[in-house]
Amino acid sequence: QVQLVESGGGLVQAGGSLRLSCAASGRTFSSYAMGWFRQAPGKEREFVAGMRWSGGSTYYADPVKGRFTISRDNAKNTVYLQMNSLKPEDTAVYYCAADTLGPLYGSRWSREHEYDYWGQGTQVTVSS
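Structure report, in brief. All of these numbers come straight from a predicted model, not from anything done at the bench.

**A few points about the overall build of the protein chain**
When you go through the protein chain residue by residue, the secondary structure sums to zero helices and eleven strands. Since a compact globule built from 128 residues should have a radius of gyration of about 14 Å, the 13 Å found for the protein chain is in line with a globular shape. For the protein chain, the spread of C-alpha atoms along the three principal axes comes to 40 × 30 × 25 Å. Looking at the protein chain residue by residue over its 128 residues, the buried ones come to 46%. In the protein chain, of all internal contacts separated by at least 6 residues, the share reaching a separation of at least 24 is 59%. When the accessible area of the protein chain is evaluated, it comes to approximately 6,300 Å², of which 47% is carbon and sulfur surface. Across the protein chain, the mean location of the 13 positive side-chain charges is 5 Å away from that of the 11 negative side-chain charges.

Below you can see the structure in the form of structure tokens.
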């Protein structure tokens, strides 16, 4: 079992920044990768960014490339999502997810079913 707890969400003006944290506990050594997803009101949940625990390779969705950065602190078992140049369309509940099923490549990064553990989500609201 892996437990994930997100924090760091809030209200920010357009152009501002936020850093989300995802603290992992439990069998974290069994995780291949971590991902961030988001779900805006009335929309389906979508992939934002992902990172392999081993090696640190990263993968980003096109809408956030160049603005968001995923990183990790192995000692703290924590994954971060630094979000810069925020836009109103970034408003959503952001979820952290862990993949213990197997390595992710290419389009598999963005598929929800590739991740088997999820956090409760943290709200990010960007005002215009």
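Still more to cover.
**So, the pairing of strand E9 (residues 92-99)**
The buried count for E9 comes to seven of eight residues, which makes it a mostly enclosed element. Bridge count for strand E4 (residues 33-39) against E9 is seven bridges, and the pairing is antiparallel. Bridge pairing in E9 places Phe 37 opposite Tyr 95. Pairing analysis gives two bridges linking E9 to strand E10 (residues 117-118), with the strands arranged antiparallel. Opposite Ala 98, over in E10, you have Tyr 117 as the bridge partner.

**Section: unusual backbone geometry**
Even without being a glycine, Asn 77 presents a positive backbone phi close to 50°. Here Asn 77 is to be found in the loop between strand E7 (68-73) and strand E8 (78-83). Overall, Asn 77 belongs to the partly exposed group, its relative accessible area being 26%. One non-glycine residue, Ser 85, lies in positive phi territory at about 50°. Locating Ser 85 in the fold gives a position in the loop between E8 and E9. Overall, the relative accessible area of 42% leaves Ser 85 in the partly exposed class.

**A look at the nonpolar core**
Leu 4, Trp 36, Leu 81, Met 83 and Tyr 94 are the most contacted members of the largest nonpolar core, which totals 29 residues. For Leu 81, the residues in contact, after removing those within four places along its chain, are Leu 18, Arg 19, Leu 20, Trp 36, Val 48, Ala 49, Phe 68, Thr 69, Ile 70 and Tyr 94.

Cut-offs applied
Residues numbered from 1 in each chain as written. Predicted model: local features only at pLDDT ≥ 70, side-chain atom pairs only at ≥ 80, totals over all residues. Heavy atoms only, no water. Helix = DSSP H or I, 4+ residues; strand = E, 2+ residues; numbered from the N terminus. Rg over C-alpha atoms; globule rule 2.2 N^0.38 Å. Buried < 20%, exposed > 50% of the residue type's maximum accessible area, 1.4 Å probe, protein only. Contact = heavy atoms within 4.5 Å. Areas by Shrake-Rupley, 256 points an atom, 1.4 Å probe, with all protein chains shown as cover. Lys, Arg positive; Asp, Glu negative; His and termini not counted. Charge placed at Lys NZ, Arg CZ, Asp CG, Glu CD. Pairing = 2+ DSSP bridges. Core = buried A, V, L, I, M, F, W, Y, C linked by side-chain atoms within 4.5 Å.

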